[in-house]
Amino acid sequence: MNRHRLDFAIVGAGMVGMAQAALLAVRHPDMRLALLEASSEAVPPLSEEYEPRVVALTQASRELLEEVGAWDAITGRRACPYVEMRVWDADGTGSVRFNSRDVQLPNLGHIVENNVIVAALRARLETLPNVEVVNGFRLESWWRDCGLWHLQPRGEERLSDADGLRQQPEIVRTRLLIGADGARSKVRDLLRIRSQDTDYHQTALVCVARSEKSHRHTAWQRFLQTGPLAFLPLAGLGDENHCAVVWSADEGLARELLMLDDQAFALNLEKAFESRLGNVEAVSERFSFPLRARHAERYRGPGAVLVGDAAHSIHPLAGQGVNLGFQDVRVLADEIDRAMSRGLEPSHASVLARYERRRRGDNAATLKAMSAFKSLFGAGDVHWRWLRNTGLSMVDASPMLKKRIIMRAMAV
Ligand SMILES: Cc1cc2nc3c(=O)[nH]c(=O)nc-3n(C[C@H](O)[C@H](O)[C@H](O)COP(=O)(O)OP(=O)(O)OC[C@H]3O[C@@H](n4cnc5c(N)ncnc54)[C@H](O)[C@@H]3O)c2cc1C
């Protein structure tokens, strides 16, 4: 594909960037797109083993993945619908249970491994003739000229020709630039957009655990004073006894947990989870991620916008991160459609401003809610403890309130 005058260039082939590329390519078959990814590796083939990094996809995210034509490949591989969510306070009696029956739906969402989503989106992109995925393109610098962005990759990753001679890096030129390059976004830096950062001083440990009892298609979350612990049900492999574990813990505790051998870690996990699913019989390798919330002060610059974690990253306690990113993807595509139906250039400032207005408030509200949750459940004070236990019990006793919470969470 000629990369000299693209309509859209998307930087970052994570879940959000891939979904954005696929949605724009599907809706606008006459437009030319490139998806530029720093990593030079193609998507690795899926293994039979579970991947510990998972997301809890909402109904709204599922609809987006259906529209781009990736959902069937996801369910064909592995996706676990969950019908119930149980949340309880380690430090009291408060608990709440949300069930899909409360809203007359077959499930509350799906737990899916990240690499299953990535593989499905990548396979779909390969079938779309108007989009090119360029691996090994780490955006490093740019300039703007006559309404076009000129994007240049990092020097050492410039291509060598057949004789091993250095070539000039290929410059990609585009009318609209979409930054989907994750929490440490280069696009955000190049646009000189600052972000408000909160360090939670917590680390999320993730792994897969096999439990004695079935997960019963339930997402479990226990709030400990040191951070939330989630068991998220996984599908397939012949049983219902595997869960993805996300254990967000204060840094010191997380370090200690990481150093334990598997058997000792499994025992600690089981105890922290109050043996709700019986014994923890086996655990996989553990991975850790420092937890930070970040929100870009703006989502746009001239002819450029941010989507997904490049614009906002949140605490994983409610599993909303990628769902917010997918909503950015949908709203940006809707605003581009609207602009084009009115004869406006998709990169026009008013189009990008509408996108920012529609998404920033929603994302800010979710970020605030997550921080409030984190503070409320981290507080050891007896009054706070009373408040959260009473609050959880009140929600649990009110079908109306539960319904509203579920509907709101599913629409994200
Ligand atoms: C422990 C943990 C648990 C989580 N659990 C959940 C959950 O249950 N539910 C949920 O919705 N979310 C969850 N999240 C959040 C979710 O994983 C992220 O929101 C999501 O992965 C962000 O996707 P993204 O595509 O925006 O960014 P990323 O996945 O970070 O992708 C960015 C891409 O950009 C590329 N890139 C970076 N810089 C450049 C450059 N200069 N040039 C070109 N390419 C570049 C990177 O290589 C990468 O491929 C969790 C996060 C963590 C840490």
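Residues numbered from 1 in each chain as written. Predicted model: local features only at pLDDT ≥ 70, side-chain atom pairs only at ≥ 80, totals over all residues. Heavy atoms only, no water.

Cut-off, in case you're wondering: UniProt positions are given in the numbering used here, feature names are shortened, and annotations may be inferred rather than shown by experiment.
The name given to the protein in an unreviewed UniProt entry is UbiH/UbiF/VisC/COQ6 family ubiquinone biosynthesis hydroxylase, with Microbulbifer okhotskensis as the source organism. Within the UniProt record for the protein, the comment given under Cofactor (unreviewed entry) is "FAD". Taken verbatim from the UniProt record of the protein, the Sequence similarities (unreviewed entry) comment is "Belongs to the UbiH/COQ6 family."

**Quick notes on the overall build of the protein**
This is how it is decided: For the purposes of this entry, the term helix denotes a DSSP run of H or I that reaches at least four residues, the term strand denotes a run of E that reaches at least two, and both are numbered from the N terminus. Throughout this description, buried means an accessible area under 20% of the type-specific maximum (1.4 Å probe, protein chains only), exposed means over 50%, and partly exposed covers the range between. The contact criterion used throughout is that any non-hydrogen atoms of two residues lie within 4.5 Å. The Shrake-Rupley method, run with a 1.4 Å probe sphere, supplies the accessible areas, and residue values consider only the shown protein chains as cover.
The helix and strand inventory of the protein stands at 11 helices and 20 strands. Across the 412 residues in the protein, those meeting the buried criterion constitute 51%. Pairs at least 24 apart in sequence give 76% of the contacts found in the protein among residues at least 6 apart. Counting every atom, the protein has about 18500 Å² of accessible surface; 51% of that belongs to carbon and sulfur.

**A short note on the layout of surface pockets**
Any empty space left between the atoms is revealed when a probe the size of a water molecule rolls over them. Heads up, the condition is: In this analysis, the protein atoms alone were mapped onto a 1 Å grid. Cavities are point sets where a 1.4 Å probe fits without being able to get out; pockets are open sets with protein on both sides within 12 Å along at least five of seven lines; lining residues have an atom within 4 Å of a point. Grid points are joined across faces, edges and corners, and a volume is the space filled by probe spheres set on the points. By the convention adopted, Pro, Cys, Tyr, Trp, Phe, Met, Ile, Leu, Val and Ala count as nonpolar, Lys, Arg, Asp and Glu as charged, and the other residues, Gly among them, as polar.
Computed from the structure, the second largest pocket encloses a volume of approximately 240 Å³. If you go around the second largest pocket, you meet 13 residues; those closest to its centre are E49, Y50, V208, S284 and E285. Contributing elements (two or more residues each) for the lining of the second largest pocket: β12 (195-211) and β16 (280-283). Take the lining of the second largest pocket: its biggest share by element is three residues, from β12. Classifying every residue of the lining of the second largest pocket gives eight nonpolar, two polar and three charged.

**Some points on the nonpolar core**
Taken as a class, soluble globular proteins show a tendency for nonpolar side chains to be buried jointly. How we decide: Residue types Ala, Val, Leu, Ile, Met, Phe, Trp, Tyr and Cys, when buried and joined through side-chain atoms within 4.5 Å, form a set referred to as a nonpolar core.
Within the largest apolar cluster, 70 residues are counted, with the highest numbers of intra-cluster contacts made by L36, L57, I74, L125 and L151. With nine residues, the single largest contributor to this core is helix α1 (residues 15-27). Leave out the neighbours within four places in its chain, and I74 touches L65, A79, V112, V116, I117 and A120. Membership of the second largest hydrophobic core comes to 27 residues, among which are C80, F98, Y200 and L234.

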